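Structural overview for review
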Amino acid sequence: MSKVLIIDDAAFMRMMLKDILTQGGHEVVGEGASGTEACQLYTQLKPDLVTMDITMPQMDGITALKKIISEDPTAKVIMCSAMGQQAMVIEAIQAGAKDFIVKPFQAQRVLDAVRKLVPQEQKR
Amino acid sequence: MIDKLIESDQKEIQVVTFKLGIEEYATLITDVREVIVLQNCTRIPEAPHYVKGVINLRGNIIPVIDGKKRFNLETSEEYDSGEKRIMIMDTKQGTVGLIVDSVTGVVKLKIEDIEPPHLDLGEDKEIFWGVARHMDKLFILMNSQKSLSLDYESYGKEN
Amino acid sequence: MNTDNLLGLFIDESKENLQFLNNKLLELEKKPEDFSLLNEIFRIAHTFKGMSKTMGFNRMGDLTHNLENLLELLRSGQITIDEKIITCLFKGFDKLEILMATIIETGNETECPGIKEFIKELKEIAPFNDPENEPEIQTDINTSLASYELLAIEEAIAQGYSPKEISVYIENECVMPGVRCYMVNSLLENQGEIFKTIPTVEEIESNKFLTCPQTKHLVKFFIITKTESDIIMQKILSVSEIEKVEILDIKDSKKSYDIQEKESEKNKQSSKITSHTVRVNAERLDNLVNLVGELIINKTRLSQLTQEINNPELNGVSAYIESITGEIQDIVMNLRMVPIEQVFSRFPRLVRDISKEMDKDVNLIIQGQEIEIDRSLIDEIAEPLVHIIRNALDHGLETREERIKAGKKVKGTLQLIAHSEYNKILIKIIDDGKGIDTEKIYQKALEKGLILPKDRESRTESEIMEYLFLPGFSTAEKTTDLSGRGVGMDVVKTKITALNGTVNIKSEKGIGTTVTITLPSTLAITQALLVEVGEETYALPLNYINEVIEIPINQVKHIQNKEVINFRGCVIPIKRLDELLNVPECSIFNTDKLTLVLIQSEENLVAVSVSKIINQQEIVIKTLNKNLSSKNYVSGVTTLGNGQIALILNVNTLIR
């Protein structure tokens, strides 16, 4: 069970992810709709894991990712992208994202990604 | 009123005819929006005596005037022959319903057949345009703008 | 995973996104050089695509994807924005809207004509190399090692390194195998020197892979390293979507590993932090309003009982509950208020389309979008407003030539202004067009026999203008596609009047026309107490009601022949509604108890007697001709669920 922070500007996508994650036995500790919120909530909630949408208003996901990594180099961030954003995903990986998932989300894929990043024994 | 109609080029007018008691009335067809069967009216306190109440016509609240009361006809025996109708009329003040005993038809009246009312109607003189002959019948031609007015002042002291 | 639950949310957000797309595109049309607008549009389109695909609405997803390609070409500067492209994008958004409409209606995407053709059209404008749609080619991938590479391997072995050939099988379902390769590559770079990949990095970037029976995404890495194969294996497998890894020590035996992982399943309640706004289904909101109604009724009961029991502690609790309930009600009623922007936002697009079609230049100015009105009014006022705007553009504003001739600015101005005033909201639609020709109206009225030549002199301009509101009255010389189809200003008037509002037209020939819609802001909706008096049902506006009490008839005292009660140390006059309203056959006298509604208006407190309290509910106020109730006892009318009419009593005159 991991504590996950979901960042996506679309409430619809947040709901979708939250459903998948909670059904997979994870705990969604927070939700945010922008990069700015992501940074705030990350410091505040110290989640095991962040799912971060790439395209968002105000502050995009990659900028937020960089900020979070600069403050916590061990931060585990999974980027959420849509098809056709390969270049951006690579940029995110370079910036320290640990994994990525592609919309439309496959529940199994999402859970795999989470499990890979936060193995059971590392659980707090 | 009639002289004004004559002034215009119109040779004839189309009217809806209806009965109030034994009298036959007519009103300009352009003033009649539709005719519906009689329905229950919600009474309005302190309304003019000839206002029966309001009805809900497809969500619109429409005041309804009792024709016989409006024209001071005998109303003692309230029987419903099943032919009673509410004529939904357009007036300057909005849509108004008029309860009549029956709607008899639509006819064309020649302007020359219309005579001013030779009646002493007192303050109410403007509520009729005149009397029209058609075949062997006489129709009282109603001025719906005036007769269906809900203006408290305009119907005199009869209340 | 059940996506049905998400449909509502999807529809809500998508509608919003579409609106946003349209608006931003309009802005972009004005400022094509504004790169940030383009980025915004791209971002929203992208979100839209992701959501559509998630819901399995692939037609919508594909269409958006193609639009996105076009946007990408614009962003990268490969093509420049011109009117054709803007129109094309608008067209695309329209198609999306059509698809949305079918989804809203049926919950499913249905085939819509013209979409395939449109995508084709798009592809011609935007010949985009789409890696996702391109077939993966591997015919020309060179799988053999060059001789200098073999040399390097031998040298490495001599220096004690163990060169390896690592085959990475990426899952077939993987959407971006290129990124996975990149991730593997990054990991391996830390372990040694990658001297070759098959396919090459460039090939991988353009989505070319080796294929084999297990996968269509196979990549081979050749690395010179000292790290153990096991460790490398583990590292690579930490990357998601890797099906299998094979590591071959060059000049060593071939090993293969299978991947096995276990699932972890556990549930736990959690506390969470959510974002600042939540979406609420309108139906739930209505339910809430109704429940608050129930709450208030019971609050009334409670305070009544509290009176009887008269326990100080209970009194305190009761008073507290009373105030909280009131606050809840305020909040709930406020929840229903939405900015008028929700209606206004659709007009820029409308104005653009119509003016394009009519070949007129129009500058639309919108003000007061933040003014709040009741949610229920939003949908009601849209249609009348659309009609008025169409009229303004069609009949009001002149063609360019006419404007030049008249010495006006070539570009016409249409203003849409909302502001609030006392308890009213005013919406003005102002154009600087040719104005309404009252002479034309007069002629038309004459034609229709609505007016006589004699009366021309005595009628004021505004009286003549009133003819516009008559059913079927249209002054358009020719019927265009836009207006003059018989449904005219009369529909506008009917609609607005039904909302308890008024419409007014002012026009000056050659200068322009102003249509003013006045709506009550305290809403066509209010909470009321429904009471029975005799056989009749009346509504009392709740904001005037202090409480409802029931007293034995013997507590009614008389002062100077007037009935009063002594209640909480106050002498309160009793007004018998049955008498006041001349209700026929009323039996209030015959009971031994009196139900009294305590009504407060300004300084006056009056107890109004009724036969029975029915319930408290939200009512929609409709106007009643003022002349109908001579003493002004009735302020309006409402219809109840069963179609029955209840009169709304005018508390101010009632208690006078």
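Some words on the interface of chain C and chain B
- Taken together, the contact pairs 28 residues of chain C with 27 residues of chain B.
- Carbon and sulfur atoms supply 59% of the area buried between chain C and chain B, which totals about 2,300 Å² over both sides.
- Put simply, chain C and chain B have 1 salt bridge between them.
- For Arg43(B), the salt bridge is made with Glu536(C), and the minimal N-O distance between the two is 2.7 Å.
- Only strand S14 (536-541), strand S22 (634-639) and strand S23 (645-649) of chain C provide two or more residues apiece to the side of chain C that touches chain B.
- Element by element, the count of residues in the side of chain C that touches chain B is highest for S22(C), at 3 residues.

Quick look at a nonpolar patch on the surface
Residue and element names in this part refer to chain C.
- Judged by side-chain polarity, Leu295, Tyr320, Ile324 and Ile328 come together as a nonpolar surface patch covering roughly 340 Å² of accessible area.
- For the nonpolar patch, the element with the highest residue contribution is helix H11 (residues 312-335), accounting for 3 residues.
- You can see Ile328 is positioned in helix H11.

Re the packing of aromatic side chains
- The final tally for this structure, using the stated rule, is 8 aromatic pairs over all chains.
- Here Tyr25(B) and Phe128(B) contribute two aromatic rings whose centre-to-centre distance is 6.1 Å and whose plane-to-plane angle is 40 degrees, an arrangement assigned as tilted. Of this pair, Tyr25(B) sits in strand S2 (residues 23-28) while Phe128(B) sits in strand S10 (residues 128-134), and the two are 103 residues apart along the sequence. Comparing Tyr25(B) with Phe128(B), the two get one shared label, buried.
- Among the aromatic side chains, those forming a connected cluster through ring pairs are Phe18(B), Tyr25(B), Phe71(B) and Phe128(B).
- Directly above the aromatic system of Tyr161(C) lies the positively charged group of Lys226(C), at a separation of 4.9 Å from the ring centroid.
- Of note, Lys244(C) hangs over the ring of Tyr169(C), and the distance from its end group to the ring centre comes to 4.7 Å.

Some details on the packing of helix H3 (residues 58-75) of chain C against helix H4 (residues 83-106) of chain C
Residue and element names in this part refer to chain C.
- For the pair H3 and H4, the least separation of the axes is 10 Å and the interaxial angle reads 160 degrees. By the angle between their directions, the pair H3 and H4 is classed as roughly antiparallel. In terms of crossing hand, the pair formed by H3 and H4 is left-handed. Within the contact between the two elements, H3 uses Arg59, Met60, Leu63, Thr64, Leu67, Leu70, Leu71 and Leu74 and H4 uses Ile85, Cys88, Leu89, Gly92, Phe93, Lys95, Leu96, Leu99, Met100 and Ile103.
- Grouping the amino acids of the contact of H3 with H4 by side-chain chemistry returns 14 nonpolar, 2 polar and 2 charged.

Conventions adopted
Residues numbered from 1 in each chain as written. Chains lettered and ligands numbered in written order. Predicted model: local features only at pLDDT ≥ 70, side-chain atom pairs only at ≥ 80, totals over all residues. Heavy atoms only, no water. Contact = heavy atoms within 4.5 Å. Buried area = accessible area lost by both parts, 1.4 Å probe. Salt bridge = Lys/Arg side-chain N within 4 Å of Asp/Glu carboxyl O. Helix = DSSP H or I, 4+ residues; strand = E, 2+ residues; numbered from the N terminus. Patch = residues over 30% accessible without salt bridge, like charges linked within 9 Å, V, L, I, M, F, W, Y side chains within 5 Å. Areas by Shrake-Rupley, 256 points an atom, 1.4 Å probe, with all protein chains shown as cover. Phe/Tyr/Trp six-rings, centres within 6.5 Å; stacked < 30°, edge-to-face > 60°. Buried < 20%, exposed > 50% of the residue type's maximum accessible area, 1.4 Å probe, protein only. Lys NZ or Arg CZ within 6 Å of the ring centre and 35° of its normal. Axes fitted to C-alpha atoms, helices over the stretch in contact; angles between N-to-C directions. Parallel < 35°, antiparallel > 145°, perpendicular 65-115°, else oblique. Left-handed = near helix turned anticlockwise from the far one by under 90°. Nonpolar A, V, L, I, M, F, W, Y, C, P; charged D, E, K, R; others polar.

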